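Observations on the three-dimensional arrangement
One letter stands for each residue in the lines below.
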Amino acid sequence: MRERPCEAMASARPTAVSLTRNRRRGPARAQDAGRGSLSRAMTDYLKLPLIVFGYLIVAPLLGYALANKRAWQRAVFCLMVFMTSWHINK
């Protein structure tokens, strides 16, 4: 028996419902339920020196450089306010 073209295309293409049903939710194994994965932990260890460097070195240097420049202070403050609304996932 020959399949109609629209039925063949419908069976070959995943639908939005099938994509959401096949998505994994939660950890792969029961042992991993309480812990983060190794890759996530490694990125946290890499983030720590960058955050400390920015907080202890870059921020004071930027404050010292901007101490007598009102126009630059306004620009940096404007960036600080509006960068919080720049969402990565949107």
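Residues numbered from 1 in each chain as written. Predicted model: local features only at pLDDT ≥ 70, side-chain atom pairs only at ≥ 80, totals over all residues. Heavy atoms only, no water.

1. Some remarks on the overall build of the protein chain
Within the protein chain, the regular secondary structure consists of 4 helices and 0 strands. Along its sequence from the N terminus, the protein chain presents helices and strands in the succession α-α-α-α. The burial tally for the protein chain puts 1% of its 90 residues in the buried class. Accessible area for the protein chain stands at about 9,100 Å²; split by element, carbon and sulfur atoms hold 65% of it. (Helix = DSSP H or I, 4+ residues; strand = E, 2+ residues; numbered from the N terminus. Buried < 20%, exposed > 50% of the residue type's maximum accessible area, 1.4 Å probe, protein only. Areas by Shrake-Rupley, 256 points an atom, 1.4 Å probe, with all protein chains shown as cover.)

2. Points about the pattern of salt bridges
Once their charged atoms are close, side chains differing in charge can pair, the charge on each being opposite to the other. Applying the stated criterion across every chain, the model contains 1 salt bridge. As a salt-bridge pair, Asp44 and Lys47 come within 3.5 Å of each other at their nearest N and O atoms. Taken as a pair, Asp44 and Lys47 lie in helix H3 (residues 38-65) at a separation of 3 residues, close to a single helical turn. Lys47 gets classed as partly exposed once you look at its relative accessible area, which sits at 44%. (Salt bridge = Lys/Arg side-chain N within 4 Å of Asp/Glu carboxyl O.)

3. Quick look at the packing of aromatic side chains
For the structure on display, the rule yields 0 aromatic pairs. Stacked on the ring of Trp72, the Lys or Arg Lys69 has its end atom at 4.8 Å from the ring centre. (Phe/Tyr/Trp six-rings, centres within 6.5 Å; stacked < 30°, edge-to-face > 60°. Lys NZ or Arg CZ within 6 Å of the ring centre and 35° of its normal.)

4. Re a nonpolar patch on the surface
Taken together, the side chains of Leu48, Val52, Phe53, Tyr55, Leu56, Ile57, Val58 and Leu61 present a nonpolar region at the surface, about 820 Å² in accessible area. Looking at the element boundaries, Ile57 is found in helix H3. (Patch = residues over 30% accessible without salt bridge, like charges linked within 9 Å, V, L, I, M, F, W, Y side chains within 5 Å.)

5. Some details on the environment of Leu66
Along the polypeptide, Leu66 turns up in the loop between H3 and helix H4 (70-82). It is 9.0 Å that separates the C-alpha atoms of Leu66 and Val76, two residues lying 10 residues apart in sequence. Apart from residues lying up to four places away in sequence, Leu66 is in contact with Trp72, Gln73 and Val76. (Contact = heavy atoms within 4.5 Å.)

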